[in-house]
Amino acid sequence: MENSAIIQINQLIKRFPMGKGEFTALKGINLDFGTGEFAGLIGPSGSGKTTLLNIIGSLDMPTEGEAVVLGKPISKLSSKESAKLRKESLGFIFQSYNLLQVHTVFENVEFPLLLLDYTTAERKKMVMDALEWVGLTDKVKSKPPQLSGGECQRVAIARAMVKKPSLVLADEPTANLDAANSHNILQTMLNLNRELKTTFIFATHDEKVIGYLKRKIFLKDGLVDHEEWINQ
Amino acid sequence: MKIAFKLAFRNLIGAGLRTWLNVIVLSFSFVVIIWMKGILVGWDHQAKNDMEQWEIGKGQFWHNQYDPYDGFTITDSHAPIPNEFKPEIEKGEMVPMLFAQGTIYPQGRMQPAMIKGIPANQTLLKIPTHKLDSVTDVIPAIIGEVMARSSHLEKGSRVVLRWRDSKGTFDAAEIEIVDIFSTTVPTIDVAQVWINLETMQEKLLLPEQATLFSFANAEENRPAVGDFRLKTKKELTAEIDAMIKTKSKGQSVFYFILLLLAMLAIFDTQILSIFRRQKEIGTYVALGYTRQQVVTLFTVEGAMHAVLAAALAAVYGIPFFIWQSKVGFTIPMDTSEFGMAIAPTMYPIYSVGLILSTTLIVLLTTSVVSYWPARRIAKMNPTEALRGKIQ
Ligand SMILES: Nc1ncnc2c1ncn2[C@@H]1O[C@H](COP(=O)(O)OP(=O)(O)OP(=O)(O)O)[C@@H](O)[C@H]1O
Ligand SMILES: [Mg+2]
């Protein structure tokens, strides 16, 4: 199923300055991800899940080692280049949704497309398609404060998916959702993963999420402890 | 950039009350600044107009010796009226005047005055000289209101006037104030006594002579004639420009304070929104904005206050300006400091240039004030912004 590697992580070390010294959050990670994976970084709080996800998402830089994402070495990207990588190929889903509160559902989903060269008509079609995937076509004109948490996260998924990115990074996407909504959202993402061949990487310690993963990467103290593959 | 405008507009409108408070304050500065500047322009225009109508016409010819700031020159500043001027004088398009230093003695006090002879039949200038034709057994004279007040003279008052004739001999006569006129032009009012030109020429023993001429002909670059040289309206009204300039400097302080208040509000809003919207900033970056683009977005958003303010200012400002330019505005101040009998009513004049330059200045200032705090975004770490951890 997984063929060409879209992410190669090599001896990745991340240190944060702390007080006078430093804190090492990632202590030498080696991981590869192939196209179309539905994988998760699992581990207790403080194990470095978010830190790793942020580096893969080119929001942060490795201290040592390298993460090559879609052929781009993260540590060598200028801020312009990393912005280009994010706008063209990456989608983010956050625990707290991070929707733009004063914008409508439509505008929120349209947002990533504004940075790319699409016509108004193309954008409209793409946004409506994305809302269709998450089942929110009836809420186009609503604004986030009027939506439930589950609906907000579905908008966020539509926003991450609308440009059909190669890779979606989701940091604790279900942490603020109840069981029913969590399953609903995971099922949505799983469908998208199948239909669009989008690679999903989660950071989570939620059992519900873990149940859906095809590949479970257990992190402990900034290191990969072990992995599990689920064969279908 | 286009996206930035679209987003900034949505964000700004979405921010609701706070935006509108800022916009209202800023639009108020807009309207007040344009209004006050308009009044100064109107005043300048008005003062020059009044001066033209009351004193100088379209220009004057001065005797070479004449210097209004040097009283000693007056004695020698006269020459026979050149023949070249006579046709114009006869047509009523030129008014000869003869000046002399004199003294009046109202209620026994001594008060210096400039005595000015002017033809009673002139109609070029608004000074009511026809009153000088009044039949009295003494010399009829007219004065302005400020002069009347300072010398305690009233219509019908008689007072002794003393002067020196051209031979240097002192002479005196009684005059009767036959009229008191009200003008906003101080130079024809303060310490001035107007009598008939012929009487003046007779008393000074200077028949057919004059110190200066005001004329109606607007033609430019008129050559000097004999002892008389041209003084253009522009030169003659330079003092008004100087006064307006002084006033406008005074006003600038006020504009500065007004703008400062509006800018403080916007600055504060920017700081606050950058602090409160860290997650949003982080999200923009995650979605593919460069931090520089986010800086632009916030700058445009701040600067957009000025655009909205201009729009709002237009809504209530334009009717206000139109109304003001119709009814005028009487400056609530003691105009006697300028030697004016009455507070002149200004009819503000708003030029396109005035409105555009004010708008541009406000827009630029707002942009700078918006950019200043937004620069911080460029240094933000996106992961920390996403966590909302930046202090
Ligand atoms: N900017 C930072 N400065 C200093 N330390 C940091 C920073 N970001 C993360 N850390 C530390 O690095 C370690 C890993 O953090 P990370 O956020 O990756 O954990 P996590 O696995 O996502 O945990 P959680 O499940 O609580 O989200 C933690 O101990 C955290 O305190
Ligand atoms: Mg985390």
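Note that the structure is a prediction, hence the values are computed from the model and not measured.

(A) Representation of empty space enclosed by the protein. All names here are of chain B. Using the criterion set out here, one finds one cavity of 30 Å³ or more in the structure. Its boundaries defined by the atoms lining it, the largest cavity holds a volume of some 50 Å³. Lining the largest cavity are A100, I115, I139, L161, W163, I195, M200, K203 and L204. Among the elements of the structure, β6 (158–164) and α5 (197–203) are those that each provide at least two residues to the lining of the largest cavity.

(B) A look at the domain arrangement of chain B. Along its sequence, chain B is carved into domain 1 (2–52 + 239–386) and domain 2 (59–217). Here the C-alpha centre of domain 2 of chain B lies 51 Å away from the C-alpha centre of domain 1 of chain B.

(C) Up close: the packing of helix α1 (residues 2–14) of chain B against helix α9 (residues 291–327) of chain B. Residues and elements named next belong to chain B. It is the contact of α1 with α9, at a shortest axis distance of 8 Å, that shows an interaxial angle of 65°. As summarised for this structure, α1 and α9 are arranged roughly perpendicular, according to the angle between their axes. The two elements α1 and α9 meet at a crossing, and its hand is right-handed. Counting all contacts with α1, which are made through A4, F5, L7, A8, F9, N11, L12 and I13, the residues of α9 involved are L297, V300, E301, M304, H305 and L308. Split into classes, the residues belonging to the contact of α1 with α9 amount to eleven nonpolar, two polar and one charged.

(D) Focus on the pattern of salt bridges. All names here are of chain B. Tallied over the entire structure, the rule returns 27 salt bridges over all chains. A salt bridge links R158 to D137, with the shortest nitrogen-to-oxygen separation between them at 2.8 Å. With a gap of 21 residues between them, R158 in strand β6 and D137 in the loop between β4 (111–118) and β5 (139–144) connect regions that are remote in the sequence. A residue is classified by how much of its surface remains accessible, and R158, at 38% relative accessible area, is partly exposed. For D137, a relative accessible area of 67% puts it in the exposed group. Ionic pairing is found between E145 and R149, a salt bridge with its closest N-O pair at 3.5 Å. Placement of both E145 and R149 in helix α4 (residues 145–151) is noted, with a separation of four residues, approximately one turn of the helix.

Conventions adopted
Residues numbered from 1 in each chain as written. Chains lettered and ligands numbered in written order. Predicted model: local features only at pLDDT ≥ 70, side-chain atom pairs only at ≥ 80, totals over all residues. Heavy atoms only, no water. 1 Å grid on protein atoms, 1.4 Å probe; cavity = no way out; pocket = protein on both sides within 12 Å on 5 of 7 lines; lining within 4 Å. Points joined across faces, edges and corners; volume = space filled by probe spheres on them. Helix = DSSP H or I, 4+ residues; strand = E, 2+ residues; numbered from the N terminus. Domains from an automatic or database assignment. Axes fitted to C-alpha atoms, helices over the stretch in contact; angles between N-to-C directions. Parallel < 35°, antiparallel > 145°, perpendicular 65-115°, else oblique. Left-handed = near helix turned anticlockwise from the far one by under 90°. Contact = heavy atoms within 4.5 Å. Nonpolar A, V, L, I, M, F, W, Y, C, P; charged D, E, K, R; others polar. Salt bridge = Lys/Arg side-chain N within 4 Å of Asp/Glu carboxyl O. Buried < 20%, exposed > 50% of the residue type's maximum accessible area, 1.4 Å probe, protein only.

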